[in-house]
Amino acid sequence: MSFRARMMTPLLVVFVAAIGYPLISSFVLSLTNYRITRRDETKFVAFAQYKDVLQDHAYWSALAVTGTFIVFAVALELSIGLMIALALQNQRRFRDFSRSFLLSPMFVTPIAVGLMFRFLLNQQLGAIPAILEKVGITYDFFGPGRAIYSMVIIDVWQWTPFMVLLLLAGLESLSKQPFEAAKVDGASPFYTFRRVTVPMLAPILTVAVLIRSLDASKVFEYVYAITRGGPGTETQTIQYFTYQTGIQFFRLGKASAMSYLLLIMVISLVILLFKRIEKARLAS
Amino acid sequence: MRTMKARKSVMALIAVAGLVLISACSSSSPNASTAGNTKISADTAGTVRVLMEGVPDTDIVKGLLAKFNEKYPKIDVKIEPIAYDQIRDKIVASFQATDPTYDMAIIDNPWMGDFAKAGFLKPLDDLIAGTADYDYNDFSAPLRAIGEVDGKKYGVPFYNYGLGLIYRTDLLASAGITEPKTLDELAAAAKKLNTAARAGIAMQPQRGYKAFEEWGNYLFAAGGSIYGTDGLVKLNTPEAKKALNTYIAMYKSSAPKNSLNWAFDEALRSVSSDKSAMMVSYNWMLPTLNKKDGPAGALAGKFKLATMPGGKQVLGSWDWAIPANSKVSDAAWAFISWITSKEGEAARVSAGGAPARISVLTDPAVSNTGGGAEYYATVGKILGNAEPLCKGANCDEMINAVGTELNAAIAGLKSVDSALAAAEEQANKIQSK
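Residues numbered from 1 in each chain as written. Chains lettered and ligands numbered in written order. Predicted model: local features only at pLDDT ≥ 70, side-chain atom pairs only at ≥ 80, totals over all residues.

Q: Mind laying out the overall build of chain A, listing which residues take part and the relevant values?
A: Looking only at helices and strands, one finds 12 helices and zero strands in chain A. Mapped from its N terminus to its C terminus, chain A presents α and β elements in the order α-α-α-α-α-α-α-α-α-α-α-α. Oriented by its inertia axes, the alpha-carbon framework of chain A measures out at about 75 × 70 × 30 Å. Across the 284 residues in chain A, those meeting the buried criterion constitute 30%. The contacts in chain A between residues at least 6 apart in sequence include a share of 73% that link residues at least 24 apart. (Helix = DSSP H or I, 4+ residues; strand = E, 2+ residues; numbered from the N terminus. Buried ≥ 20, exposed ≤ 12 C-beta atoms within 10 Å, placed from the backbone. Contact = placed C-beta atoms within 7 Å.)

Q: Now, about the sheet that holds strand β9 (residues 303-306) of chain B: what can you tell me, with residues and values included?
A: All names here are of chain B. The strand order across the open sheet built from three strands is β8-β7-β9, with neighbouring strands paired in antiparallel fashion. Two strands in the sheet have a free side with no partner beyond their single neighbour: β8 (278-282) and β9. On average, each strand axis in the sheet is tilted by 35° relative to the strand beside it, whichever way the strands run. In this structure, strand β7 (residues 163-168) lies alongside β9, joined through four bridges in antiparallel fashion. Counted as the bridge partner of Y167 is K304 from β9. (Pairing = 2+ DSSP bridges. Axes fitted to C-alpha atoms, helices over the stretch in contact; angles between N-to-C directions.)

Q: Would you mind going over the interface of chain B and chain A in detail, with residue names and values included?
A: On the side of chain A, 20 residues touch chain B, which itself brings 25 residues to the contact. Here the element with the most residues in the side of chain B that touches chain A is helix α18 (residues 395-410) of chain B; it accounts for five residues. Considering only residue class, the side of chain B that touches chain A consists of six nonpolar, nine polar and 10 charged. (Nonpolar A, V, L, I, M, F, W, Y, C, P; charged D, E, K, R; others polar.)

Q: For the domain arrangement of chain B, give the residues involved together with the corresponding values.
A: Residues and elements named next belong to chain B. Parsing chain B into structural domains produces domain 1 (46-161 + 316-378) and domain 2 (163-314 + 394-432). Between the C-alpha centres of domain 1 and domain 2 there is a distance of 28 Å. On the side of domain 2, 13 residues touch domain 1, which itself brings 11 residues to the contact. Listed by contribution, the elements that provide at least two residues to the side of domain 1 that touches domain 2 are α5 (112-117) and α17 (373-384). Split into classes, the residues belonging to the side of domain 1 that touches domain 2 amount to five nonpolar, five polar and one charged. (Domains from an automatic or database assignment.)

Q: Describe in detail the nonpolar core, supporting the description with residues and values.
A: Membership of the largest hydrophobic core comes to 174 residues, with the highest contact counts inside it found for M104(B), I166(B), I201(B), F335(B) and L406(B). When neighbours within four sequence positions are excluded, F335(B) is seen to be in contact with V48(B), F68(B), I75(B), V77(B) and M104(B). (Core = buried A, V, L, I, M, F, W, Y, C linked by C-beta atoms within 7 Å.)

Q: Any details on the pairing of strand β1 (residues 46-53) of chain B? Residues and values, ideally.
A: Residue and element names in this part refer to chain B. By the criterion of burial, β1 is predominantly enclosed, with six of the eight residues buried. Direction of pairing for β1 relative to strand β3 (residues 104-108): parallel, over a ladder of two bridges. Across the sheet, residue V50 finds its bridge partner in β3, namely M104.

Q: Tell me about the packing of helix α10 (residues 209-221) of chain B against helix α11 (residues 238-254) of chain B, and name the residues and values.
A: Residues and elements named next belong to chain B. Two elements in contact, α10 and α11, have axes whose closest approach is 8 Å; the angle formed by their N-to-C orientations is 125°. The angle between the axes of α10 and α11 places the two elements in the oblique class. As for the relative orientation of α10 and α11, their crossing is right-handed in sense. Listed contacts from α11 to W215, Y218 and L219 of α10 are E239, A240, A243, L244, T246 and Y247. The class makeup of the residues in the contact of α10 with α11 is seven nonpolar, one polar and one charged. (Parallel < 35°, antiparallel > 145°, perpendicular 65-115°, else oblique. Left-handed = near helix turned anticlockwise from the far one by under 90°.)

Q: I'd love a proper account of the sheet that holds strand β2 (residues 75-82) of chain B, names of residues and values included.
A: Residue and element names in this part refer to chain B. Ordered in space as β2-β1-β3-β11-β6, the five strands form an open sheet in which the pairing is mixed. Edge positions in the open sheet fall to β2 and β6 (156-160), since each of these has one partner strand only. Neighbouring strand axes in the sheet, compared pairwise and without regard to direction, differ in orientation by 25° on average. Relative to β2, β1 runs parallel, the two sharing eight bridges. Of the residues in β2, the one forming a bridge with T47 is D76. Strand contacts of helix α4 (residues 84-95): β1, β2 and β3, with the helix running at about 135° to β1, the strand carrying the most contacts.

Q: Go over the confidence of the model for chain B, please, and point to the residues and values.
A: Residues and elements named next belong to chain B. Of all residues in chain B, 91% have pLDDT values of 70 or greater, and the mean over the chain is 91. Across residues 1-35, confidence stays below pLDDT 50; counting only partners more than four residues off in sequence or on other chains, it has 18 contacts. Confidence estimates for the predicted assembly give a pTM of 0.87 and an ipTM of 0.84. (pLDDT = per-residue confidence, 0-100.)

Q: So what's going on with the confidence of the model for chain A? Residues and values would help.
A: With 100% of its residues at a pLDDT of 70 or more, chain A has an overall mean of 93. The least confident element of chain A is helix α4 (residues 95-103) of chain A, whose mean pLDDT is 86; the most confident is helix α2 (residues 48-54) of chain A, at 97.

Q: With reference to specific residues and values, describe the environment of W111(B).
A: All names here are of chain B. Of note, W111 is situated in the loop between β3 and α5. Taking the C-alpha atoms as reference, W111 lies 28 Å from A222; in sequence the two are 111 residues apart. Filtering out sequence-adjacent residues up to four positions away, W111 remains in contact with R88 and D396.

Q: Describe unusual backbone geometry, listing the residues and the values that go with them.
A: Residues and elements named next belong to chain A. Here G230 and P231 are connected by a cis peptide whose omega angle stands at 0°. Structurally, P231 can be placed in the loop between α10 (221-227) and α11 (238-248). A positive phi is found at F250, a non-glycine position, where the angle reads about 70°.

Q: Please give an account of the environment of A18(A) that cites residues and values.
A: In this fold, A18(A) is placed in helix α1 (residues 3-30). Between the C-alpha atoms of A18(A) and G126(A), which are 108 residues apart in sequence, the distance is 42 Å.

Q: Give a description of the pairing of β7(B) that names residues and reports values.
A: With six of six residues buried, β7(B) is to be regarded as a mostly interior element. Residues L163(B), L165(B) and Y167(B) point to one face of β7(B) and G164(B), I166(B) and R168(B) to the other, with burial holding for every one of them.

Q: I'd like a rundown of α17(B), residues and numbers included.
A: Residue and element names in this part refer to chain B. With 12 residues, α17 extends 16 Å from end C-alpha to end C-alpha; this agrees with the ideal 16 Å at 1.5 Å per step. Inspection of α17 places Y376, T378, V379, I382 and L383 among the buried residues, and these make up the whole buried set. Taken around the axis of α17, the buried residues stretch over an arc of 155°, which confines them to a single face. (Expected span 1.5 Å × (residues − 1). Arc of directions from axis to C-beta.)

Quick look at the structure:
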């Protein structure tokens, strides 16, 4: 065995044990009708679970809910995050304090954030409904047509700092010369932003959107702590639906098939995105 | 050859003698099933680990352990209180382990069918039948039925989750309303009691279990039932439609604003803080609300419990059970049979626990310490005419599916007809899997 191969061995062992085994094990489960409470009836069913999942309206509905959540949450986080990052880049005093203060929400565990907002937005105990009521506004944060957007706001509160962190690092790494040239040429700040900042920041923006989208697709804690998927199925995200199927209802075979289908979709999207980035890079 | 034969004969004799000895020992075991007159030996020993929900009833059981140990000094019961959401996953893991983490279990009623059919629980028929003075039939019949699966007893009732109507006597009296006896009367009372400062009734339409649990009472009040005579779920019926239409109308006209996500805690808070006049809740909430230093403060003493209009209500329960892989089942049964005996039940209910036996309801020593004779008489009526939301397999999934459809109809996302049709279809599909 070569020196390079030997040096890679520990990593490969950890990779196989930590990622390979669960992946293979869950794939095998997805080919069976395994249920924790019916272990005696377990049999190989090939891709029947996959067929069942693909024909399940609830699965597609949960995917749509998750997609809506990702689009709105990531779009808001990107817009707000970019504005804050631009502001912080020009900040002269108390830089360290304001940056660490702004980043604090992302260090709170998501389940605690879910519980915190469950009480903050609670009609009986919450500070926000109480303040709104004082100015004559009654708003049901978890009512039909609204609950999913309340979840988006919670996610924006927690994860915009992550976007700020990435974009600020990106902004500070950009070469100063194009900005100086634009200034000399008399370009307005908005023109400079549109024609210089955004194109130069594009690779970082893409990576930031990709990371946040993947992370947002895992949304579970807010749903579990606040709405349990309601009203109706309006906040039933794919992770919560898979959790219910596999853990709450014991159908581990079906839940594994659900997870694998999601994995295939996510990996396909990521590959497509990277291919487009590469194509754009080569074209430029 | 001869030596071999002789050796085989000796071996066979030893084996037969051994078997005779083992069977003799087991027949003299304290827990053997004889004609219901076997006393459990006070020398029964072992450490019994049990996972329980972190609720006041668990604290009451903990408080009785010293009394239990006066009778069984060699049994050490170790109770681990935990949040409800974590109980099921932990005990299911223990059920499947060669070396279990828990030797005794408490089982929520939707889990009973699945756990019994999976072989996770030990049948208790012989132990129940063999224990002296146990009087199993003294438990309320609907509660007993929850612990019985396919003709075998897997659980012994621990405490009940029977629902009832809790209302403010002063508010009903000042509005000139008598205790509602029909669903229409309940709706009319809620509407009349509804004011700008106080809702007529605090409801619990949260998606899943809560929506189904509360609405189930309305279904019974409308003359409907969850299962038909053929054993299939029947929710797409005129009675179910009347029940759901009434529920939605009450939610819109008489429930607190923006309470679509409310469950038990929110409804209790609303009633105890004078924000709602009535609620459908667990019968054992009445003594808590009427307690002088309880959550209702100055309103204590103004609450009364009634059966649901029509007389029938939804029932839940926790049952004691012994895992099939428990290595100290003798000690576990010694504890279960003591805590659920008439003596143990009286001590538990006197300390504030929810009753499961009928005889305890008329025990003067109990009614003097709890909610009073009138309260226990109503509890008796509740426990005598009640039914769980689900029977058989896949109950958690079935309840969640029905509760999701009901919540969608209450939220206005679906029509009553389509929600009930979908609920019936899904429930039957889930239970047939």
